[in-house]
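Take a look at the letters that make up each chain.
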Amino acid sequence: MKHRTFWIFFLMALFATADTEIFAQAQAVKLHYSGKGGYSLVERTNLRRYVNGKYVGLTSREVRSFVSPSEPPLMRFKAKGSVYENDQWYDGSFYVMEETLRNSQVAGAGIHEAVQSVFHISKNGQLTMYKDNGYPSFRSFPAYTAEKVSFGESWKAVAERSVDPLNKGVFTKIPMQVLYTFSGAETYKGQAVYRIKAIWQTYYDAQNRDFGGDSSLQKARGGHKADIIVLQETGEPILTIDNVDETFFWIDGTQVNFKGTITLFTEFPPAFDSQRIMAALNRVATVKDGKTGTDKKFSGTEKSVSGGTVAGSGKLTASDKKLSAEKAEKVASAGKTEKSPAKTGQSAGKVGSDKKTGADAVKTEKFVPDGIFDNFDKNETVAKNTVSGEKTVLEKVDDVLPKNNIVAEEVSAGIRLSIRDIKFAPDSAQILSGESERLDEIAEVLKMAPNAQLLVEGHTASVGKPAGEQKLSEQRAHKIAEELKARGVKAGAFICRGFGGTKPVASNETNEGRAQNRRVEITILK
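Residues numbered from 1 in each chain as written. Predicted model: local features only at pLDDT ≥ 70, side-chain atom pairs only at ≥ 80, totals over all residues. Heavy atoms only, no water.

> Quick one: what's the story with the overall build of the chain, residue by residue and with numbers?
Secondary structure summary: the chain contains 8 helices and 22 strands in total. In the chain, which comprises 526 residues, the share counted as buried stands at 48%. (Helix = DSSP H or I, 4+ residues; strand = E, 2+ residues; numbered from the N terminus. Buried < 20%, exposed > 50% of the residue type's maximum accessible area, 1.4 Å probe, protein only.)

This is how it looks when you write it as structure tokens:
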């Protein structure tokens, strides 16, 4: 009797559990993409390679990146009624580990040269590239249906892959018609996730040719089966394992077959105390409100950084005293800045000081499309980006400069420090004497976010030599990263990019403006 009672209760519990599982699987869910923060993406490739039917070895490489939320590059992309109004924009820095590891000195320093990609993602997961340098490799993958889905239900969506099978540096975009199947809810590493299965065929030939890709790639055929794990809350994929078997055919008759896996990992950065860091920066920089462009006040309770005292204490560091003396001398002797030549139609204008805070007034960069300049101050200087054609409202440079010639502000990607007028040797990345104190102070602040990734971006003045300016900006970003590494900032933290003279913050028509444009910007990525 006791045994009978036991089995009755056991079977009741079993059926109750089964009913719960069936009920959970039967629940229809609405998949959507609502990611807002930054993330780190790793693409790891392990493929057996066969050339003209002969096995030639294993192709292994790893592409790493840090992708940060950003503002739309043009205001019209965020305008009410725009098709992009609700999209999330991202700015990504991508670097290939196999290339970095060839240089042991660079690898040891943890300094990585990166390429930039800018894109936006809609709520259904569709990814659209704005600035495309070949990465990310998978675009609009996964993509979601507008309907609710239950366990076992499927939907189709269009995606895209960017491939460079021979590592030629030429990327070809291959369309993907993907069949997704919802496999239900589960837990992965303590997180509530959904599992999705995906299958598609590689099909590329003259009918869907990418004319911007490898012109010698004739066709591609093959198949893919992928398991995808996405966060239930945001729809962000955190793990994708793609089983690959595909062959590429070139005009010269070469056939290359790849078999193996491509694995994508997504990780999210650790949090850091932004208020504490901004309070520390207030001592060594002019701190701006990222939304309004006005000076931001702090209580001055933060302890000293690099031996100095914080704002609000009434004391100045040696660099502060030196800069104050330089300002006083400039105001007494000059009073006004050099104005732009009349032929440019620009005006340097005077900024003066902020009456509310007494701090230096520096306007933040704004991107504006054609036709709405009437909304801005006529005295502001407007320049055109030499690469994208976008117009930029520039800062006005006067005898009142930012504290230590550094501007700090919170932006979508994290906390950005703009270090102006760095004393480099002409046409060189060699830093001249006199910059050590600024770098010492910046390094001490960066150590307050020991686990954060640091994006280091170089900028030059524009003097009509874009190729040289681009290379020089990359070298200078790398040099600043080396200097900070030498001061104890954590190895492996630096991602370097250069923009040449394409992103001015002041007019290139004056010495003062060009000095402000010769800068390195460091963003503590969040």
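From this point on, the discussion continues.
> An account of helix 4 (residues 274-284) is needed here, citing residue identities and associated values.
With respect to burial, helix 4 is a largely interior element, 8 of its 11 residues being buried. Here helix 4 has its buried residues at Ile-277, Met-278, Ala-279, Ala-280, Leu-281, Asn-282, Arg-283 and Val-284. Measuring from the backbone nitrogen of Gln-275 back to the side-chain oxygen at the start of helix 4 gives 3.4 Å, which picks out Asp-273 as the cap. (Polar contact = N/O pair within 3.5 Å; in protein donor to acceptor, adjacent residues only side chain to side chain.)

> Summarise unusual backbone geometry; cite the residues concerned and give the values.
Residues apart from glycine generally show negative phi values, whereas peptide bonds are mostly found in trans. Here the amide bond leading from Tyr-135 into Pro-136 is cis, since omega sits at 0°, within 30 degrees of zero. Within the element layout of this structure, Pro-136 appears in the loop between strand 6 (127-131) and strand 7 (138-139). Each neighbour pair has its own omega, and for Phe-141 with Pro-142 the value is 0°, a cis peptide bond. Tracing the chain through its elements places Pro-142 in the loop between strand 7 and strand 8 (154-163). A positive phi angle, near 50°, is found at Asp-421, a position not held by glycine. On the secondary structure map, Asp-421 appears in the loop between strand 19 (414-419) and helix 6 (436-446). On the accessibility criterion, Asp-421 (15% relative accessible area) is buried. Here the phi dihedral of Asp-427 falls at roughly 55°; this positive angle occurs in a residue that is not glycine.

> Outline helix 7 (residues 466-486), listing residues and values.
Given a rise of 1.5 Å per residue, 21 residues ought to cover 30 Å, and the 30 Å separating the end C-alpha atoms of helix 7 matches this to within 8%. Here helix 7 has its buried residues at Glu-469, Leu-472, Ser-473, Arg-476, Ala-477, His-478, Ile-480, Ala-481 and Leu-484. Two residues or fewer past helix 7, Gly-488 is found with a positive phi of approximately 100°. (Expected span 1.5 Å × (residues − 1).)

> Outline the sheet that holds strand 18 (residues 406-411), listing residues and values.
A sheet is described by the order of its strands in space; here 7 strands give the open sequence 4-21-20-22-19-18-14, paired in mixed fashion. The sheet is open, and its two edges are formed by strand 4 (111-113) and strand 14 (286-288), each paired on a single side. Taking the axes of each pair of neighbouring strands and ignoring which way they run, one obtains an average angle of 20° across the sheet. (Pairing = 2+ DSSP bridges. Axes fitted to C-alpha atoms, helices over the stretch in contact; angles between N-to-C directions.)

> Outline the sheet that holds strand 5 (residues 115-121), listing residues and values.
Taken together, the 12 strands give an open sheet; going across it, the order is 6-5-3-2-1-13-12-11-10-9-8-7, and neighbouring strands pair in antiparallel fashion. The sheet is open, and its two borders are formed by strand 6 and strand 7, each paired with just one other strand. Note: strand 7 against strand 8, 2 bridges, orientation antiparallel. Residue pairing in the sheet places Phe-138 in a bridge with Arg-161 of strand 8.

> Explain the nonpolar core to me, and be specific about the residues and the numbers.
Across soluble globular proteins, nonpolar side chains have a tendency to be buried as a group. Leu-31, Phe-141, Tyr-180 and Ile-196 are the most contacted members of the largest nonpolar core, which has 46 residues in total. Once residues within four sequence positions are removed from consideration, Tyr-180 is found in contact with Ser-140, Phe-141, Pro-142, Ala-143, Glu-153, Ser-154, Trp-155, Ala-157, Ile-196, Lys-197, Ala-198 and Ile-228. Core analysis: the second largest hydrophobic core is formed by 38 residues, Ala-408, Leu-417, Leu-454 and Ala-481 among them. (Core = buried A, V, L, I, M, F, W, Y, C linked by side-chain atoms within 4.5 Å. Contact = heavy atoms within 4.5 Å.)

Coordinates in, geometry out; function isn't part of it.
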